[in-house]
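# Residue-level structural notes
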Amino acid sequence: MSACWRLRLNALSVTLSLCFTLGASAAEFAYITNQGEHTVSVVDLRQLQVIKTIPVGQSPVGVAIHPQQKKVYVSNVDGRSISVIDITRQQVVQTLALPIAPVGLAVNQAGNRLYVADWYHHTLLVVEPVHGQVLATIEVGQAPGGLQLSRDGQTLYVANRDSNDVSVVDTRANKELRRIKVGEHPFGLGLSPDGKQLYVVNVYSNSVSVIDTHDQRVVATLSVGRHPYCVTTDPQGQRLFVTNTGEDSVSVIDLASQRPLAKIRVPGTPEGIAFDRQQQQLVVTSWMDNVVAIIDGQRLDSPRQVKVGAQPRAFGGFVFEAGE
């Protein structure tokens, strides 16, 4: 091969590498756990299409993302494991075996602690995510599900479904500090953008408990639809969005007045929900219809649909946005 052609090929290689890097840096994806087929659908949130389907462990449910390390953690309930997905390669690079059935997940900002809700033994596991070593086991309430870290990472909130309360855990001491009584069967959790309020979805009470994170007490109870499941806010903290599994809708609540603004019809049995800040859109998984609904964050109009795998859940923080 001539020197001229080698130079051209090298230049082309550099150009393609640069394009790939720029494309990856601008990417934003939703990682949708498909419990019914043991996979994760990777949805491109700009193109609104599935770009890859990744096999994981048995019955995946929970999702936690560390954006700086470009890792996605997936809890496999029946597989008793956690699948670790590399965002750059879009494939599983590690499987962490666990002695329990994991549900909710959270990862700290440093990326060296993974918190895992132990559904059957009423405990919280603190896991070192590189080797999967269990560093601590913390007793919490009954049937822990949703997890939410505070903004400074020093406090972890745990929704205890069967004891109708939220555990407040000190992550430095790995110790439960107190429990806050909420509604019946709390499950999904969300935090306001400023970190001052925690939102607790009460499945059987058809409500959301609002907890002041400074005083650690319930300051309001908001009515939503039947059998609510998960919750998120817009980036400004002005509106609350709650999936209602019992009526195939998303409740929209104005947080300043604490009054309902709208109910958006979505496909069957909506569960996971997240707000995509870059595209200003809501992402909602529908367990019954095997789709992700995409809702314009301003117009709140009829959603577009993206077909994913069987029985999608996406429980937790399932949206990766470049630049986080």
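Refer to the structure above for everything that follows.
What comes next concerns the included structure.

A few words now on the overall build of the chain. The number of helices and strands found in the chain is 1 helix and 29 strands. Its C-alpha radius of gyration of 20 Å places the chain within 12% of the 20 Å reference for a compact globule of 324 residues. For the chain, with 324 residues in total, the buried portion stands at 56%. Contacts in the chain between residues far apart in sequence, at least 24 positions, make up 40% of those at least 6 positions apart. For the chain, the distance from the average position of its 28 positive side-chain charges to the average position of its 28 negative side-chain charges is 5 Å.

With respect to topology, 5 strands assemble into an open sheet ordered 7-6-5-4-28, the strand pairing being mixed. A single partner strand is all that each edge strand has here, and the edge strands are strand 7 (91-97) and strand 28 (315-316).

Moving on to the sheet that holds strand 22 (residues 249-254). The 4 strands are arranged 20-21-22-23 in an open sheet whose pairing can be described as antiparallel. Edge positions in the sheet fall to strand 20 (228-233) and strand 23 (259-265), since each of these pairs with one other strand and no more. Between one strand and the next, the sheet's axes are offset by a mean angle of 20°, whatever the strand orientation. Strand direction decides the pairing type here: strand 21 (residues 239-244) and strand 22, joined by 6 bridges, are antiparallel. Note on strand 22: the bridge partner recorded for leucine 240 is isoleucine 253.

Here the focus is the environment of glutamine 280. By secondary structure assignment, the location of glutamine 280 is in the loop between strand 24 (270-276) and strand 25 (281-286). Under the relative-accessibility criterion, glutamine 280 is labelled partly exposed at 27%. Measuring from C-alpha to C-alpha, the distance between glutamine 280 and aspartate 296 comes to 6.7 Å, with 16 residues separating the pair along the chain. Other than its neighbours up to four places away in sequence, glutamine 280 contacts Pro235, Phe275, Ile295, Asp296, Gly297 and Gln298.

Moving on to the environment of alanine 30. Tracing the chain through its elements places alanine 30 in strand 1 (residues 28-34). Given the relative accessible area of 0%, alanine 30 is considered buried. Separated by 12 residues in sequence, alanine 30 and valine 42 have C-alpha atoms that sit 5.8 Å apart.

We now examine the nonpolar core. Counting 29 residues, the largest nonpolar core has Ala30, Tyr31, Ile32, Val72, Ile85 and Phe318 as its most contacted members. Mapped by element, the contributors of at least two residues to this core are strand 1, strand 2 (39-44), strand 4 (60-66), strand 5 (71-76), strand 26 (291-296) and strand 29 (319-321). Not counting chain neighbours up to four residues away, the residues in contact with alanine 30 comprise Ser41, Val42, Val43, Leu45, Val283, Phe318 and Val319. Counting residues in each nonpolar core, the second largest holds 23 residues, with Ala101, Phe187, Val250 and Ile264 among its members.

Turning next to the environment of arginine 161. Examined against the element boundaries, arginine 161 turns out to sit in the loop between strand 13 (155-160) and strand 14 (165-170). By relative accessible area, arginine 161 is classed as partly exposed at 27%. Distance in space between the C-alpha atoms of arginine 161 and phenylalanine 187 is 5.8 Å, their sequence separation being 26 residues. Apart from residues lying up to four places away in sequence, arginine 161 is in contact with Trp119, Gln142, Ala143, His185 and Pro186. At a separation of 2.8 Å, a polar atom in the side chain of arginine 161 contacts the side chain of aspartate 162.

All chains considered together, the criterion is met by 6 aromatic pairs. By the ring-pair criterion, three or more aromatic residues cluster together here, those being Trp119, Phe187, Tyr229 and Phe315.

The next thing to look at is the side chain of serine 75. The topology assignment puts serine 75 in strand 5. Exposure remark for serine 75: the relative accessible area of 0% places this residue in the buried category. Of note is the side chain of serine 75, whose polar atom sits 2.6 Å from the backbone oxygen of valine 103. What serine 75 contacts, discounting residues up to four positions off in sequence, is Ser59, Pro60, Val61, Gly62, Ser81, Pro102, Val103 and Leu105.

Turning to its location among the elements, asparagine 160 is positioned in strand 13. With sequence-adjacent residues up to four places away left out, asparagine 160 is seen in contact with Val140, Gly141, Gln142, Ala143, Pro144, Asp165, Val166, Ser167 and Pro186.

A few words on unusual backbone geometry. In this structure, lysine 70 is a non-glycine residue whose phi angle is positive, near 55°. Along the chain, lysine 70 turns up in the loop between strand 4 and strand 5. On the basis of relative accessibility, which here comes to 32%, the residue lysine 70 falls in the partly exposed class. Residues other than glycine seldom take positive phi values, yet asparagine 206 does so here, at roughly 55°.

About the thresholds
- Residues numbered from 1 in each chain as written.
- Predicted model: local features only at pLDDT ≥ 70, side-chain atom pairs only at ≥ 80, totals over all residues.
- Heavy atoms only, no water.
- Helix = DSSP H or I, 4+ residues; strand = E, 2+ residues; numbered from the N terminus.
- Rg over C-alpha atoms; globule rule 2.2 N^0.38 Å.
- Buried < 20%, exposed > 50% of the residue type's maximum accessible area, 1.4 Å probe, protein only.
- Contact = heavy atoms within 4.5 Å.
- Lys, Arg positive; Asp, Glu negative; His and termini not counted.
- Charge placed at Lys NZ, Arg CZ, Asp CG, Glu CD.
- Pairing = 2+ DSSP bridges.
- Axes fitted to C-alpha atoms, helices over the stretch in contact; angles between N-to-C directions.
- Core = buried A, V, L, I, M, F, W, Y, C linked by side-chain atoms within 4.5 Å.
- Polar contact = N/O pair within 3.5 Å; in protein donor to acceptor, adjacent residues only side chain to side chain.
- Phe/Tyr/Trp six-rings, centres within 6.5 Å; stacked < 30°, edge-to-face > 60°.

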